[in-house]
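Observations on chain architecture
These are the residues of each chain, in order.
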Amino acid sequence: MPTPESALFKASKPTVPPTFDGVDYDDNKALKAAQDSIIREQWVQSMMARLIREEMGKCYYQHGVNHLEKCGHLRERYLQQLQKAKIRGYLFDQQNYVSQK
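By the naming in an unreviewed UniProt entry, the protein chain goes by NADH-ubiquinone oxidoreductase 12 kDa subunit and is assigned to Meristemomyces frigidus. Turning to the protein chain, the UniProt record has this under Subcellular location (unreviewed entry): "Mitochondrion inner membrane".

Now the structure itself:
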């Protein structure tokens, strides 16, 4: 059963999608919320890669010489996650935003 989220945690979660689409740059609160959301999403992707890497290490240790057969699914998932796991920040996206329309 998942851990219930506290009211303080729910209040600090961003309510905007991790993109600058539709953000008014003159509205400082909306801009900071978009920046926060982008950074938070990048950290989530990075931590997901870290968790997969830790599970892969446990699998390698547990299966020893058979790790190529037994841990292949974790290795493939980790390699896919590494493409999204870098924390790049938001400045490039903010300064070079092109609308998706």
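Additional details are given in the paragraphs that follow.
All right, on to the state of the cysteines then. By definition, a disulfide links two cysteine residues through a covalent bond between their sulfur atoms. Enumeration according to the criterion identifies one disulfide in this entry. A sulfur-sulfur separation of 2.0 Å characterises the disulfide bridge that pairs C59 with C71. Around the S-S axis, the bridge from C59 to C71 shows a dihedral of about -95° and counts as left-handed. With a gap of twelve residues between them, C59 in helix α2 (residues 28-63) and C71 in the loop between α3 (67-70) and α4 (72-82) connect regions that are remote in the sequence. The pair C59 / C71 is uniform in exposure class, with both members buried.

Once that is clear, we can look at α2. Between the first and last C-alpha of α2 there are 53 Å, a value that for 36 residues agrees with the 52 Å anticipated at 1.5 Å per step. Residues of α2 that are buried: L31, A34, Q35, S37, I38, Q42, Q45, S46, A49, I52, M56 and C59. The elements touched by buried residues of α2 are α3, α4 and α5 (91-95). G64, located one to two residues past α2, shows a positive phi value of around 55°.

Before going further, it helps to examine the environment of I52. Position of I52 among the secondary structure elements: in helix α2. Aside from chain neighbours lying at most four places away, what touches I52 is L74, R77, Y78 and Q81.

It is worth spelling out the side chain of Q45 at this point. If you trace the backbone, Q45 turns up in helix α2. Apart from the residues within four sequence positions on either side, Q45 is in contact with Q81, K84 and A85.

Next up on the list: α4. If you check which residues of α4 are buried, you get G72, L74, Y78 and Q81. Its buried side turned inward, α4 meets α2 and α3.

On to the pattern of salt bridges, then. Scanning all chains against the criterion turns up two salt bridges. Here R50 makes a salt bridge to E54, at a shortest N to O gap of 3.5 Å. With R50 and E54 both in helix α2, this residue pair falls four residues apart, about one helical turn. Taking relative accessible area as the criterion, R50 reaches 40% and is therefore assigned partly exposed.

Calculation rules
Residues numbered from 1 in each chain as written. Predicted model: local features only at pLDDT ≥ 70, side-chain atom pairs only at ≥ 80, totals over all residues. Heavy atoms only, no water. UniProt positions renumbered as here; feature names shortened; annotations may be inferred. Disulfide = S-S within 2.5 Å. Helix = DSSP H or I, 4+ residues; strand = E, 2+ residues; numbered from the N terminus. Buried < 20%, exposed > 50% of the residue type's maximum accessible area, 1.4 Å probe, protein only. Expected span 1.5 Å × (residues − 1). Contact = heavy atoms within 4.5 Å. Salt bridge = Lys/Arg side-chain N within 4 Å of Asp/Glu carboxyl O.

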